[in-house]
Amino acid sequence: MTPSVSPEQPIASVRIDAPAKINLYLHVTGRRDDGYHLLESFVVFTEIGDRLIVEPADTLSLTIEGPFGAGLDSGGGDNLVLGAADALRTAFKISAGARIVLEKNLPVSSGIGGGSADAAAALHALSALWRLDVPASGLAEIGIALGADVPVCLYARPAMMSGAGEVVDSTDAPPTCGVVLVNAREGVSTPAVFAARTAAFSDAQGWTTPDNFDDFVLSLSNRGNDLFAPARTVSPVIDQVMAALQADGQCALARLSGSGGTCFGIYRDTALADAAAKRISHEHPDWWCVSTVFRITPPAALID
């Protein structure tokens, strides 16, 4: 995802998308002595997401725009984009700065990897801007220190995620289908969800992607999201979102992504997904609801 750039080629800007991450299933398989949970999850990405633009500058700065940019801290603190930039500069002793613009199109604290995807995009984009030749393993080492989802978001294609997020293995993409993402605009705290979890750990099952829609849905139906039950207690509106997805009988599978509160519905084709998104948006105009598809390839860093 990070292209090589000729030393003679001036760089005015680098643009890259940060696609939404979906946990098609998520099992909590254990807990390490340091408190980090062990997971097994089939992760895919969608054609919708945030976007980053980075430009040369003497200092490091971040501007946040877009429909979900209001209220986000662009000055430091827990911002993962600036955290990624600082970590990359430290690792490679970079003195240059960058002007970073984040177009925030995804809900915040919503279980679809917005912050992690943004951090991953920042690592790719800044590696290009600063002309760093960083192997994927090097970016992954930086990424895992920022958050469990960052390594898989660096990969940004269908994958199995395991361990505490540091193990990312390639897998086949889902069959072509439609997808609807719905969020009631209520942020959900991941630590609160894990704290509310009382169930036993699940066994790791592994995953092979079926190549037809019916078998794909059946295989997912035999798995689940171990964070769904605790997420419902933290954010009861999740039950309303799930009910809205299942209301017309056309949704082949509805499930929570990550720790919530975004739910997704899988549909046989994009026409059914478009119709469902239109219905839900009409019934719940205050919710965030989009129809999209799963992407097969990672986004490219576009250099101007």
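Use the structure listed above.
Everything numeric in this text was worked out from a predicted model, so none of it was measured. (Residues numbered from 1 in each chain as written. Predicted model: local features only at pLDDT ≥ 70, side-chain atom pairs only at ≥ 80, totals over all residues. Heavy atoms only, no water.)

For the rest of this paragraph, the subject is the pattern of salt bridges. Pairs can form between side chains of opposite charge whenever their charged atoms are close. On inspection of all chains with the given rule, the structure shows twelve salt bridges. One salt bridge in this structure joins Lys21 and Asp149, with 3.1 Å as the shortest N-O distance. With Lys21 in strand 1 (residues 14-31) and Asp149 in the loop between helix 3 (136-146) and helix 4 (150-155), this residue pair connects regions lying 128 residues apart in the sequence. Taking the relative accessible area as the measure of exposure, Lys21 reaches 2% and is therefore buried. Residue Arg268 is joined to Asp214 by a salt bridge in which the shortest nitrogen-to-oxygen separation is 2.6 Å. Residue Arg268 is found in the loop between strand 9 (263-267) and helix 9 (270-283), and its partner Asp214 is found in helix 6 (residues 213-221); the two are separated by 54 residues along the sequence. Since its relative accessible area comes to 46%, Arg268 is described here as partly exposed. (Salt bridge = Lys/Arg side-chain N within 4 Å of Asp/Glu carboxyl O. Helix = DSSP H or I, 4+ residues; strand = E, 2+ residues; numbered from the N terminus. Buried < 20%, exposed > 50% of the residue type's maximum accessible area, 1.4 Å probe, protein only.)

Further remarks concern helix 6. Listed in full, the buried residues belonging to helix 6 are Phe213, Phe216, Val217, Ser219 and Leu220. Within helix 6, the buried residues cover an arc of 160° as seen down the axis, which keeps them to one side. Between the side-chain oxygen at the start of helix 6 and the backbone nitrogen of Asp214 there is a gap of 3.3 Å, and the oxygen is on Asn212. (Arc of directions from axis to C-beta. Polar contact = N/O pair within 3.5 Å; in protein donor to acceptor, adjacent residues only side chain to side chain.)

Take the layout of surface pockets next. For the largest pocket, the calculated volume is near 1,300 Å³. Lining the largest pocket are 46 residues, and of these Leu80, Ser116, Ala148, Asp149 and Thr190 lie nearest its centre. Mapped onto the lining of the largest pocket, the elements with two or more residues apiece are strand 1, strand 2 (37-57), helix 1 (80-92), helix 2 (114-129), helix 3 and helix 5 (190-196). In terms of residue count, the dominant contributor to the lining of the largest pocket is helix 2 (four residues). Looking at side-chain class alone, the lining of the largest pocket contains 21 nonpolar, 17 polar and eight charged residues. (1 Å grid on protein atoms, 1.4 Å probe; cavity = no way out; pocket = protein on both sides within 12 Å on 5 of 7 lines; lining within 4 Å. Points joined across faces, edges and corners; volume = space filled by probe spheres on them. Nonpolar A, V, L, I, M, F, W, Y, C, P; charged D, E, K, R; others polar.)

The next point concerns the packing of helix 2 against helix 3. Packing of helix 2 against helix 3 brings their axes to within 10 Å, and their N-to-C directions diverge by 145°. In terms of crossing hand, the pair formed by helix 2 and helix 3 is right-handed. Contacts from Ala119, Leu123, His124 and Ser127 of helix 2 reach helix 3 at Leu139, Ile142, Gly143 and Leu146. Broken down by class, the residue content of the contact of helix 2 with helix 3 amounts to five nonpolar, three polar and no charged. (Axes fitted to C-alpha atoms, helices over the stretch in contact; angles between N-to-C directions. Left-handed = near helix turned anticlockwise from the far one by under 90°. Contact = heavy atoms within 4.5 Å.)

Two faces belong to every sheet, and in a regular strand the side chains alternate between them. Here strand 10 (residues 288-292) lies mainly inside the structure; four of its five residues are buried. Summarising the sheet, strand 7 (residues 178-183) and strand 10 pair through five bridges and their orientation is antiparallel. Within the sheet, the bridge partner assigned to Val180 lies in strand 10 and is Ser291. (Pairing = 2+ DSSP bridges.)

Further remarks concern unusual backbone geometry. Trans is the common state for peptide bonds, and a negative phi is the common state for residues other than glycine. In this structure, Gly261 follows Gly260 across a cis peptide bond, with omega equal to 5°. Topologically, Gly261 is positioned in the loop between strand 8 (253-256) and strand 9. For Arg131, which is not glycine, the phi torsion reads 55° and is therefore positive. Assignment of secondary structure puts Arg131 in the loop between helix 2 and helix 3. Arg131 gets classed as partly exposed once you look at its relative accessible area, which sits at 36%. Non-glycine residue Arg185 carries a positive phi angle of around 65°. Examined against the element boundaries, Arg185 turns out to sit in the loop between strand 7 and helix 5.

On to the environment of Gly143. The residue Gly143 is located in helix 3 in this model. Residue classification places Gly143 among the buried positions, given a relative accessible area of 0%. C-alpha separation for the pair Gly143 and Leu123, spaced 20 residues apart in sequence, amounts to 8.2 Å.

Another point: the packing of aromatic side chains. A full pass over the atoms with the stated rule returns four aromatic pairs. Both rings, one in Trp207 and one in Phe216, keep their centres 6.5 Å apart while their planes meet at 75°; by these two values the pair is edge-to-face. Judged by relative accessible area, which is 0%, Phe216 ranks as buried. Through a chain of ring-to-ring contacts, the aromatic side chains of Tyr25, Phe42, Trp207 and Phe216 assemble into a single cluster. The ring of Tyr155 has Arg157 lying over it, and the distance from NZ or CZ to the ring centre is 4.2 Å. The ring of Tyr25 has Arg223 sitting right over it, with the charged end atom 5.4 Å from the ring centre. (Phe/Tyr/Trp six-rings, centres within 6.5 Å; stacked < 30°, edge-to-face > 60°. Lys NZ or Arg CZ within 6 Å of the ring centre and 35° of its normal.)

Ile100, Leu126 and Val180 are the most contacted members of the largest nonpolar core, which totals 68 residues. Per element, the largest residue contribution to this core is ten residues, and it comes from helix 2. Excluding its chain neighbours within four sequence positions, the residues that come into contact with Ile100 are Leu52, Ile53, Val54, Leu60, Ser61, Leu62, Thr63, Val81, Ala85 and Leu126. Formed by 24 residues, the second largest nonpolar core is a distinct cluster that contains Phe42, Cys177, Trp288 and Phe294. (Core = buried A, V, L, I, M, F, W, Y, C linked by side-chain atoms within 4.5 Å.)

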